[in-house]
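Each chain is listed here by its residues.
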Amino acid sequence: MEEKIMNIHFILHEKFEVPGAYLKWAQKRGHHISSTKVYEKEKLPETVDDIDFLIVMGGPQSPDEDRQVFPYYDPKAEITLIQKAIDADIYIVGVCLGAQLLAGAYGGKYEHSPEREIGVFPLTLTEEGLADEHIKDFGSTLNTGHWHGDMPGLTDKAVVLATSQGCPRQIVRFSPKHYAFQAHLEFDLEAIDLLIAADGEEHLCQQNKQLPFVQTPDQLRKNDYSEMNKKLFAFLDSLIQI
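Just so it is clear, the model here is predicted, and its values are computed rather than measured. (Residues numbered from 1 in each chain as written. Predicted model: local features only at pLDDT ≥ 70, side-chain atom pairs only at ≥ 80, totals over all residues. Heavy atoms only, no water.)

All right, on to unusual backbone geometry then. The backbone of K41 sits at a positive phi, close to 65°, despite the residue not being glycine. Note on placement: K41 falls in the loop between β2 (32-37) and β3 (53-56). Accessibility expressed as a relative area gives 67% for K41, which makes it exposed. One non-glycine residue, C96, adopts positive backbone phi at about 60°. (Helix = DSSP H or I, 4+ residues; strand = E, 2+ residues; numbered from the N terminus. Buried < 20%, exposed > 50% of the residue type's maximum accessible area, 1.4 Å probe, protein only.)

Structure follows, in structure tokens:
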């Protein structure tokens, strides 16, 4: 496989929503890494001229969030940046909130997921997913991380590649270089501990009693995240060969 060194830029919305295996992949492959920490009021890049791969991470916000709730978060500005990346045909992966923003940049309206999902639950690949060059090696099912209540919108050309029992839009392809992941294949124990602390142990336990797809903090910490990380590495390695 030909070595390709790229400039990868991360959009980070919260200190507790870390890029996990996405960042580890970029570091291990020797890519040049930069980021915008939205929660620290850092300014988004004005252009994508110096970016080869844009990775937009998750957060508790929504694509139409009131700026009064999260004054540092400007979804319109982020969608504008993503649209510049689309026009430049650079690689884009949106994760959770980032998936919904990518959909928004393509004109899709985000929606609430039928179920809130927190924990590790299986994805099921669609026929299109099993035929997709970059995710077909996930197999017909793959256990992945989840922490969401929304899902990306669709456009006429969007292709749903994977679903779950609680959410019908887990992986969506908007173009050959642009993928939306509602699922969190990047989770590791560090990321999980940060999210548990942000959400609160008691709150998660209450949700576990009320909702079918929410795991307890103990369950979250006992999950194995290594296999999904390996599959994510393989997806990213494959994607950048286009």
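Okay, back to it.
Our next topic: the pairing of strand β6 (residues 141-151). Most of β6 sits inside the fold, with 8 of its 11 residues counted as buried. As paired strands, strand β5 (residues 111-125) and β6 are joined by 10 bridges and run antiparallel to one another. Bridged to T124 within β6 is T141. (Pairing = 2+ DSSP bridges.)

This brings us to the environment of V56. Turning to its location among the elements, V56 is positioned in strand β3. Once residues within four sequence positions are removed from consideration, V56 is found in contact with I11, H13, E78, I82, V93, G94, V95, G98 and L101. (Contact = heavy atoms within 4.5 Å.)

UniProt records the feature "domain: Glutamine amidotransferase" (unreviewed entry) at residues 37-191, using the numbering of this structure. Between the first and last C-alpha atoms of residues 37-191 the distance is 16 Å; the span itself is 20% helix and 33% strand. (UniProt positions renumbered as here; feature names shortened; annotations may be inferred.)

For the coordinates displayed, the defined rule picks out 1 cavity of 30 Å³ or more. Contributing to the lining of the largest cavity are F16, E17, V18, M57, G58, H184, E186, F187 and L195. In the lining of the largest cavity, the residues fall into 5 nonpolar, 2 polar and 2 charged. (1 Å grid on protein atoms, 1.4 Å probe; cavity = no way out; pocket = protein on both sides within 12 Å on 5 of 7 lines; lining within 4 Å. Points joined across faces, edges and corners; volume = space filled by probe spheres on them. Nonpolar A, V, L, I, M, F, W, Y, C, P; charged D, E, K, R; others polar.)

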